[in-house]
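Listed here are the chains, written in short residue letters.
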Amino acid sequence: MTENLNDYELALNLAENISVNLSPRPPVGAIITNEGELLGKGVTQPSPRNHAEINAILDCKNNNFSTKGSTMYTTLEPCFHEGETNPCVDKIIESGISQVFIGVVDPNPKVNEKSINKLLSNGIKVNIIEDEVQRKRSEDLIEPFKHFITTGMPYVTSKIAISLDGKIATKTGDSKWISSEKSREIVQKMRSLSDAIIIGSKTLKIDKPSLSAKEISEQPRYKVVLNSKPSNPERYLTLKSESEIIVFCEKTPTDLSSWKGIEFIEIASKDNKLDLKEALRILGERNCMNVLVEGGGQLIGSLIDLNLINKMRLFISPMLIGGINSADSIGGEGIEFISQSKKLTDMEVVRVESDIMVTGKVKSHV
């Protein structure tokens, strides 16, 4: 049976418009219909609350609709295992739903087609959405989750505000403000949806950022600074908030009484450069699925060199800064040949006031 694209579109829209951080869960939307009538809908909530499928079933009950013989559309294969909630697949079977349309198979090894097979074995028809555009959107929704669940590493997004000539600050270090007010509002939302925000020690020293999501209740769990040899606790005062502060370093300072509220994690370094992959691995162990890197250019360039950035968002301002001593947007070792370059794919280009916002996934040059 061919899916109803409009019904699945509603489930997709629900998932795409979730505005809170669900990590380490993926965003999922689900609806239940019967003969073209919408009976109930739901989205996945932050842990340990319900998944989308359960909320859709409960919504049907709240609306005094029976789910017997109905059809469910869900953007991700329902969960099979018992974790913080009971398996969604069992609730679907118990509800009397007769057919399920699924956007994408769950990449989690604990689920991966197990729920589909259980539904089929209980006489419930299962269909994978065939429309290519909707399938792609479904896959994009869970990309950070898929990366995290299959590698144990966070999905890393880099944010850069740059001038037309690729600068992120003047020769004196001034960068307030390159991007527009609306662009900065978008960044606040990005922060609120991140588990951790990472900066380098130079960015901390020059910009004195708070890394908080301003005027938003939800905040990142961790504010992270990469600093081989931390030596000035007063520089970290701007970071103090309800978020935990982590400093990755070569060696923990001896005067810990001056560093209250800061956790130091020692990691290896080479040529005075910390092991960035190890830092991300540790954040992954702490269930950080979405990590935002805010700079500076040297840190972003080093992560690109190591293929550790998954996605980039650039806010390009219509200004020229110039100057050989002005800060470039991307540092690192760089490349020798164009064939070694990275490029952005699946690009989205949006006008934000006077800025151009470019978002894309980082891939090797093809």
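Reading the values: the criteria
- Residues numbered from 1 in each chain as written.
- Predicted model: local features only at pLDDT ≥ 70, side-chain atom pairs only at ≥ 80, totals over all residues.
- Heavy atoms only, no water.
- Pairing = 2+ DSSP bridges.
- Helix = DSSP H or I, 4+ residues; strand = E, 2+ residues; numbered from the N terminus.
- Axes fitted to C-alpha atoms, helices over the stretch in contact; angles between N-to-C directions.
- Contact = heavy atoms within 4.5 Å.
- Salt bridge = Lys/Arg side-chain N within 4 Å of Asp/Glu carboxyl O.
- Buried < 20%, exposed > 50% of the residue type's maximum accessible area, 1.4 Å probe, protein only.

### Comments concerning the sheet that holds strand 17 (residues 342-352)
The strands making up a sheet associate through hydrogen bonds between their backbones, and the pairing can be parallel or antiparallel.
Okay, so step 1: Overall, mixed pairing links the nine strands, which are arranged 11-10-9-8-14-6-15-18-17 in an open sheet. A single partner strand is all that each edge strand has here, and the edge strands are strand 11 (262-266) and strand 17. With direction set aside, neighbouring strand axes in the sheet form an average angle of 25°.
Okay, so step 2: In this sheet, strand 10 (residues 244-249) lies alongside strand 9 (residues 222-226) in parallel orientation, the contact comprising five bridges. Within the sheet, the bridge partner assigned to V224 lies in strand 10 and is I246.
Okay, so step 3: Contacting strand 6 (155-163), strand 8 (196-200), strand 14 (290-295), strand 15 (311-317), strand 17 and strand 18 (355-364), helix 7 (residues 181-192) runs over the sheet at an angle of about 160° to strand 15.
Okay, so step 4: Across the sheet, helix 10 (residues 297-305) touches strand 6, strand 8, strand 9, strand 14, strand 15 and strand 17, and the angle it forms with strand 14 is around 130°.

### Digging into the sheet that holds strand 3 (residues 71-74)
Okay, so step 1: Sheet architecture is open: five strands sit in the order 2-1-3-4-5, paired in mixed fashion. The sheet terminates laterally at strand 2 (37-43) and strand 5 (125-128), the two strands that pair on one side only. Each adjacent strand pair in this sheet contributes to an overall mean axis angle of 15°, direction not counted.
Okay, so step 2: Relative to strand 4 (residues 99-102), strand 3 runs parallel, the two being bridged by four bridges. Opposite T71, over in strand 4, you have Q99 as the bridge partner.
Okay, so step 3: Sheet strands in contact with helix 2 (residues 52-62) are strand 1 (29-34), strand 2 and strand 3, and its direction is about 140° off that of strand 2.

### Examining the pattern of salt bridges
Okay, so step 1: Throughout the structure, instances matching the rule amount to 19 salt bridges.
Okay, so step 2: D328 is the partner of K167 in a salt bridge, and the nearest nitrogen-oxygen pair spans 2.8 Å. Separated by 161 residues along the polypeptide, K167 in strand 7 (residues 167-169) and D328 in strand 16 (residues 327-328) bring together distant segments of the chain.
Okay, so step 3: Look at D328 and you get partly exposed, because its relative accessible area is 45%.
Okay, so step 4: For E285, the salt bridge is made with R281, and the minimal N-O distance between the two is 2.4 Å. One end of the pair is E285 and the other is R281, both in helix 9 (residues 276-285) and four residues apart, which spans about a single turn.
Okay, so step 5: Judged by relative accessible area, E285 falls into the exposed class, the value being 56%.

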